[in-house]
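Coordinates in review
Read off the chains here:
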Amino acid sequence: MYCIIDSQIIARQLLDWNHFVKIYDVRNNFTLQAISERDRSRAKTAIILNCECKATQNLIFEASQFRYFNKTYQWLLWDFHNNNCFGHLQQPGLNYLGPNAQIVILKYEEPHYLLWWDVHSKGRHLKADLEMHLVAKATYINETLQFVTKNDINDIQGIRYRGDFEGLKLRGATVIDQDNITDNEQIEKILSRSSKDPGVSAFTKYHYELFNILRHRLNFTVKFRNARGWAGHLDNSSYRLGFLGIMQRNEADIGASAAYPRLNRFAEFDSLHQGWKFHTAFLYLYTPDLHAQSKKGNFLAPFEEHVWLGSLIILNMVGLVWIVEERVKSYLSKITPRNVEVFKQIGGRFVIPFNILAAICQQGLDPVPSGASARVITFTSFLFSLVMYNYYTSSVVGGLLSATDKGPSTVDEIISSPLRLSFEDIGYYKVKFRENKAPNIAKLLNKKVLPPRDPHDLPVYTNLETAISYIQKGGYAFHCEEVDAYPELAKIFTDSEICDLRAVSGLLGSALMNWIVHKNSQYTEIFRHIVTQAQEVGLIQRLLRQRRPKKPPCQNLYTVYPVNLSGTLSAFVLLAGSIIISSKILLLEIALKRYSNRLRNQRN
């Protein structure tokens, strides 16, 4: 951009050589943002600005306001006649000028020297000074340009010259869900502890470690601001609360926490790193009554309901076919007299169902079928019952000897189980329960969260230290980050209790957390560079191994769980039903016998 004749001539010559050069007169009305949007290319854009122009100061302020002092735009400020171009970069309110700025000032020095100075700051919004480094020095004699000093501009504008913040105090933000945590010393003391702290997520402490890598490498200090939660909105408005609100409004330069990667957040934040996988679960101790309640440990468990129903339909069809076969055989052989006694008629009708029941129970038949069709049906019934019986018994024995896949294994089964639920006293649960209207969340709230509890019972929201004793005695499930719980559980639980420990995830989604800064932050590039270096040398992997312990291994080969009353309830119900039916049949037989005797007496 030019406003003097000499520079216009040079620019027009460049335009003749390369059509990527365009000229704008800053004395005319235009919008810098409109020009940059219209002429934006995928390559880096160079802007030459003559500081003699009166509009230069306003244009520089506008470039800062719209965040054009970044890696995309290379600025050359033409300051031949000491027009205070350096002073324009120091004007109040020019906040977006940081270590990512690509600004070169071209100055004239008596008697005949031209000097190119690289200018940047570690953060004008933090009152950091402008820093200048000589890029090149040349002499212009007899229309010939000869360089006295020439340095690599990519080196000067790289991290070598911009990687020391010299103790500059940056603005920080983090999340500690505790009362009265406002002092910077308190915050750093809590975040620096390797052990679990109430109200502090595991991924917050991991990202604090990453923050320390940046702090030690770039040599800055920080003033932390604590938020009690990550997200939320003020009275259903668009005003964002918590850690995300602080970062979105550019009230912090760096965060010692992270954000869940939702799609609407990519347009509002720059991501520095994705390394921590957020994973939460309900942790509970398996007990046999849970096995029965989840319909996996009772008498009917080896077969699903539709299998039992299908088997019953098949057996009824077999009985019907058998009855039809007997009727057809009797009709063809003409062996069935019409004047048989009533008792024998009714008894004959029960022979076929009893024979089918005998085949299912692997017992002998009386009388033995004589026809080929009846024998085929009998053999098929025996074979069917044998296959079903073998599968049934093997499933029962295998289930008793296996310690895996026992108890509730989904969130819906957890909600339907008799387990008392509790959640870590941390912000994201409360926000989810308040703002999420999903059916399973509503069911969870109505059945497990909202009903009143006994004062001596485990609270709905508590910390891991309090919940461990309740988990150990059984009947309670605690929802938290697994990596927080495993080290503490390994210290207290016995080997058998470790084998009985179950984890059910699904309430909160599992995803790689985003370490974020404000969108188009002036620190994005340099922070990413440091994190990438740390990842290449293995520091990130080392932190992940330290901060993400695995579940303690089960030392027992298997555990045999006793069958309790609730697990055998269906068998007792079946037995009681059979006794009732047999008793009714006995009464019916007695009544028929008396009726038959009465008829016989009347005939005699």
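Residues numbered from 1 in each chain as written. Predicted model: local features only at pLDDT ≥ 70, side-chain atom pairs only at ≥ 80, totals over all residues. Heavy atoms only, no water.

The name an unreviewed UniProt entry gives the protein chain is Ionotropic receptor 75a N-terminal domain-containing protein, with Glossina austeni as the organism. The Subcellular location (unreviewed entry) comment attached to the protein chain in UniProt states, word for word, "Cell membrane". (UniProt positions renumbered as here; feature names shortened; annotations may be inferred.)

1. What to know about the overall build of the protein chain
Scanning the protein chain for helices and strands turns up 22 helices and 16 strands. Here the protein chain holds 604 residues, and the buried ones make up 42% of them. When contacts within the protein chain are restricted to residue pairs at least 6 apart in sequence, those whose partners lie at least 24 apart make up 72%. When the accessible surface of the protein chain is totalled, it reaches about 33500 Å², and 56% of it is carbon and sulfur. (Helix = DSSP H or I, 4+ residues; strand = E, 2+ residues; numbered from the N terminus. Buried < 20%, exposed > 50% of the residue type's maximum accessible area, 1.4 Å probe, protein only. Contact = heavy atoms within 4.5 Å. Areas by Shrake-Rupley, 256 points an atom, 1.4 Å probe, with all protein chains shown as cover.)

2. Description of the side chain of His125
Summarising the element assignment, His125 is placed in the loop between β4 (113–121) and β5 (130–141). A polar contact of 3.1 Å, which involves the side chain of His125, links it to the side chain of Gln522. (Polar contact = N/O pair within 3.5 Å; in protein donor to acceptor, adjacent residues only side chain to side chain.)

3. Considering the packing of aromatic side chains
The relation between two aromatic rings is expressed through the spacing of the ring centres and the mutual angle of the planes. In this structure the tally under the stated criterion is 22 aromatic pairs. Relative to Trp276, the ring of Tyr206 lies with its centre 5.2 Å away and its plane at 35 degrees, an arrangement referred to as tilted. A residue pair is termed long-range when its members are at least 10 positions apart, and Tyr206 in helix α8 (residues 202–218) and Trp276 in strand β10 (residues 269–278) qualify at 70 residues. Each member of the pair, Tyr206 as well as Trp276, is classed as buried. The residue whose ring lies beneath Lys430 is Tyr461, and the NZ or CZ to ring-centre distance is 5.4 Å. Looking at Arg548, its charged tip hangs above the ring of Trp276, at a distance of 4.7 Å from the centre. (Phe/Tyr/Trp six-rings, centres within 6.5 Å; stacked < 30°, edge-to-face > 60°. Lys NZ or Arg CZ within 6 Å of the ring centre and 35° of its normal.)

4. A word on the state of the cysteines
Taken as a whole and judged by the stated rule, the model has two disulfides. Covalent S-S linkage joins Cys51 and Cys85, the inter-sulfur distance amounting to 1.9 Å. In this structure the cystine formed by Cys51 and Cys85 twists about its S-S bond by roughly -60 degrees; its chirality is therefore left-handed. Note that Cys51 is positioned in the loop between β1 (45–50) and α3 (56–65) and Cys85 in helix α4 (residues 85–88), a separation of 34 residues in sequence. Each member of the pair Cys51 and Cys85 is classed as buried. The disulfide bridge from Cys499 ends at Cys554, spanning 1.8 Å between sulfur atoms. In this structure the cystine formed by Cys499 and Cys554 twists about its S-S bond by roughly 100 degrees; its chirality is therefore right-handed. Residue Cys499 is located in helix α19 (residues 495–500), and its partner Cys554 is located in the loop between α21 (539–547) and α22 (569–603); the two are separated by 55 residues in the primary sequence. The exposure class assigned to Cys499 is buried, which follows from its relative accessible area of 6%. Taking the relative accessible area as the measure of exposure, Cys554 reaches 40% and is therefore partly exposed. (Disulfide = S-S within 2.5 Å.)

5. Here's the deal with the nonpolar core
Nonpolar side chains in soluble globular proteins tend to be buried together. The biggest cluster of nonpolar side chains holds 75 residues, and the ones touching the most others in it are Phe243, Phe423 and Phe527. It is α8 that contributes the most residues to this core, nine residues altogether. Ignoring sequence-local partners within four residues, the contact set of Phe423 consists of Phe282, Tyr429, Phe433, Leu444, Val449, Val460, Tyr461, Thr462, Phe478, His479 and Leu507. Counting 21 residues, the second largest nonpolar core, distinct from the first, contains Leu59, Tyr73, Leu77 and Leu89. (Core = buried A, V, L, I, M, F, W, Y, C linked by side-chain atoms within 4.5 Å.)

6. Remarks on the environment of Glu109
Among the structural elements, Glu109 can be located in strand β3 (residues 103–109). When the C-alpha positions of Glu109 and His81 are compared, they lie 9.3 Å apart, and in sequence the two are 28 residues distant. If we skip the residues at most four places from it in the chain, Glu109 touches Leu115 and Lys137.

7. A word on the pattern of salt bridges
Under the defined criterion, the tally for this structure stands at 20 salt bridges. Across the pair Asp197 and Arg193 runs a salt bridge whose closest N-O atoms are separated by 2.6 Å. The class of Asp197 is buried, set by a relative accessible area of 6%. Its salt-bridge partner being Asp484, residue Lys196 comes within 3.0 Å of it at the nearest N-O pair. With a gap of 288 residues between them, Lys196 in the loop between α7 (184–192) and α8 and Asp484 in helix α18 (residues 482–492) connect regions that are remote in the sequence. Look at Lys196 and you get partly exposed, because its relative accessible area is 21%. (Salt bridge = Lys/Arg side-chain N within 4 Å of Asp/Glu carboxyl O.)

8. What to know about the sheet that holds strand β6 (residues 144–150)
Each strand in a sheet pairs with its neighbour through backbone hydrogen bonds, running either in the same direction (parallel) or in the opposite one (antiparallel). Spatially, six strands are ordered β1-β2-β3-β4-β5-β6 in an open sheet, and the strand pairing comes out mixed. Both outer strands of the open sheet, β1 and β6, are each paired with one neighbouring strand and no more. Across the sheet, the axes of successive neighbouring strands diverge by a mean angle of 25 degrees, strand direction being ignored. Pairing geometry for β1 and strand β2 (residues 73–79), over six bridges, is parallel. Note that in β2 the partner of Leu49 across the bridge is Leu77. Packing against the sheet, α3 makes contact with β1 and β2, and its axis sits at approximately 150 degrees to β1. (Pairing = 2+ DSSP bridges. Axes fitted to C-alpha atoms, helices over the stretch in contact; angles between N-to-C directions.)

9. Quick notes on α21
Along α21, the residues classified as buried are Ile540, Leu543 and Arg547. Summarising the axial view, the buried residues of α21 lie within an arc of 65 degrees, below the 170-degree limit, and thus occupy one face. Tucked inside the fold, the buried residues of α21 contact α8, β10, α18 and α20 (524–536). (Arc of directions from axis to C-beta.)

10. Some thoughts on the side chain of Gln157
When you line up the elements, Gln157 lands in the loop between α5 (153–156) and α6 (159–162). Only 3.1 Å separates the side chain of Gln157 from the side chain of Asp118, close enough to count as a polar contact. Apart from the residues within four sequence positions on either side, Gln157 is in contact with Lys71, Gln74, Gln102, Ile103, Val104, Asp118 and Arg162.

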